[in-house]
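# Commentary on secondary and tertiary structure
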Amino acid sequence: MSMLTDLVQIRRLGEKGRPENERFRQHLKRHDFVERRFRKIAEDIEDQIDCRACANCCRVATTSLLDRDVEKLAKYLRIPKARFLREYTVRSEDEGLILRRTESGCVFLSGNDCTVYEARPGTCDDFPHLVRGAGSLVSRMWQFIDRATYCPIVYNSLEAFKKESGFR
């Protein structure tokens with residue numbers, strides 16, 4: 001299977017495919033499928049695409065923080081938790097505590113590199129939440145419709161899931 005990795009194409013096709021991806025989400029809720037098989041497909045796709053070469057999620061998505069992420073990052077940066085919160089986070093009405101953003105994306109993004117990669121928040125570590133994440137794949141499906149517009153792994157996985165499940 002050939003992988004689409006061009007971010008301009010993924011944005012265009014992901015936006016164009018939103019209605020179909022909504023229907024696919026509904027399809028999965030109404031039909032039985034082997035989640036393990038979908039996870040294997042997603043793992044294979046993740047193995048073929050280098051997230052660290054792309055880093056588009058760091059440019060586009062926000063990063064929600066848990067208390068343990070704040071503790072870990074403050075310790076990693078060797079600064080007090082209060083200073084970390086003041087300098088690196090903001091409150092979002094929708095998402096709660098999130099990492100601050102600059103014009104180029106996440107405050108910790110430098111080029112395509114995460115300057116706190118070893119201590120990155122759990123949500124970053126699990127991204128794009130296809131193989132790892134809380135709950136079933138179907139319960140996380142609503143997130144993938146948006147992510148298919150900026151993440152090559154999600155875009156290619158959704159297309160492969162549709163093929164695997166006989167959706168169309």
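Check the entry above for the structure.
Residues numbered from 1 in each chain as written. Predicted model: local features only at pLDDT ≥ 70, side-chain atom pairs only at ≥ 80, totals over all residues. Heavy atoms only, no water.

### Regarding the nonpolar core
Going by this rule: Residue types Ala, Val, Leu, Ile, Met, Phe, Trp, Tyr and Cys, when buried and joined through side-chain atoms within 4.5 Å, form a set referred to as a nonpolar core. Whether a residue is buried, partly exposed or exposed follows from its accessible area with a 1.4 Å probe, protein chains only, as a fraction of its type maximum: under 20%, in between, or over 50%, in that order. Only runs of H or I of at least four residues qualify as helices and only runs of E of at least two qualify as strands under DSSP, and these elements are numbered from the N terminus.
By size, the foremost hydrophobic cluster in this structure holds 24 residues, and its most contacted members are Phe-24, Leu-130, Phe-144, Val-154, Leu-158 and Phe-161. Of all the secondary-structure elements, those providing two or more residues to this core are helix 2 (18-30), helix 3 (35-48), helix 9 (137-147) and helix 10 (152-165). Among the elements that line this core, the one with the most residues is helix 10, at 5 residues. Judged by nonpolar contacts, the second largest core, of 14 residues, contains Ala-74, Leu-97, Cys-106 and Ala-119.

### Structural notes on the packing of helix 9 against helix 10
Filter applied, for reference: A fitted line through C-alpha atoms serves as each axis, taken over the contacting stretch for helices, and the angle formed by two N-to-C directions is quoted from 0 to 180°. Roughly parallel means an angle under 35 degrees; roughly antiparallel means over 145; roughly perpendicular covers 65 to 115; every other angle is labelled oblique. Each crossing is labelled by how the near helix is turned from the far one, with a counterclockwise turn of less than a right angle marking it left-handed and a clockwise turn marking it right-handed. Note on contacts: a residue pair qualifies if any of its non-hydrogen atoms lie within 4.5 Å across the two residues.
At a minimum axis separation of 10 Å, helix 9 and helix 10 run at an interaxial angle of 125°. Judged by the inter-axis angle, helix 9 sits oblique to helix 10. For the pair helix 9 and helix 10, the crossing hand works out as left-handed. On the side of helix 9, the interface is formed by Leu-137, Met-141, Phe-144 and Arg-147, while helix 10 contributes Val-154, Leu-158 and Phe-161.

### A few points about the environment of Ile-145
Looking at the secondary structure, you find Ile-145 in helix 9. Overall, Ile-145 belongs to the buried group, its relative accessible area being 4%. Spatially, the C-alpha atom of Ile-145 lies 8.6 Å from that of Tyr-155, the residues being 10 residues apart in sequence. Not counting residues up to four positions away in its chain, the partners in contact with Ile-145 are Arg-18, Asn-21, Glu-22 and Arg-25.

### Overview of the pattern of salt bridges
We count it as follows: Note on definitions: salt bridges are taken to be side-chain nitrogens of Lys or Arg within 4 Å of carboxyl oxygens of Asp or Glu.
Under the counting rule described, the total for this entry stands at 12 salt bridges. Measuring nitrogen to oxygen at the nearest pair gives 2.7 Å for the salt bridge that ties Glu-15 to Arg-18. Glu-15 gets classed as partly exposed once you look at its relative accessible area, which sits at 30%. The class of Arg-18 is partly exposed, set by a relative accessible area of 26%. Linking Lys-40 and Asp-44 is a salt bridge whose minimum nitrogen-to-oxygen distance equals 2.7 Å.

### What to know about helix 2
In an α-helix there are 3.6 residues to a turn, and that puts residues three or four apart on one side. The condition is simple: Here a helix's expected span is defined as the number of its residues, less one, multiplied by 1.5 Å. Within this analysis, the arc is defined by the directions that extend from the helix axis to the C-beta atoms.
Compared with the 18 Å implied by 1.5 Å per residue over 13 residues, the 19 Å span of helix 2 between its first and last C-alpha is a close match. Considered for burial, the residues of helix 2 that qualify are Asn-21, Phe-24, Arg-25, His-27 and Leu-28. Down the axis of helix 2, the sector holding all buried residues measures 160°, keeping them to one side. Packing partners of the buried residues in helix 2 comprise helix 3, helix 9 and helix 10.

### Considerations on the pairing of strand 2 (residues 96-99)
Quick note on the threshold: A pair of strands counts as paired when DSSP detects no fewer than two bridges linking them.
Pairing between strand 1 (residues 89-92) and strand 2: 4 bridges, direction antiparallel. Pairing of Ser-92 across the sheet is with Gly-96, part of strand 2. If you look at the hairpin formed by strand 1 and strand 2, you'll find 3 residues sitting between the two strands.

### Quick notes on unusual backbone geometry
Between Phe-127 and Pro-128 the backbone carries a cis peptide bond, its omega angle lying at 10°. By secondary structure assignment, the location of Pro-128 is in the loop between helix 8 (122-126) and helix 9. Of note, the phi angle at Ala-55 is positive, near 60°, even though the residue is not glycine. By the element assignment, Ala-55 lies in the loop between helix 4 (51-54) and helix 5 (56-60). Here His-129, not a glycine, exhibits a phi torsion of approximately 70°, which is positive. Looking at the secondary structure, you find His-129 in the loop between helix 8 and helix 9. Owing to a relative accessible area of 10%, His-129 belongs among the buried residues under this scheme.

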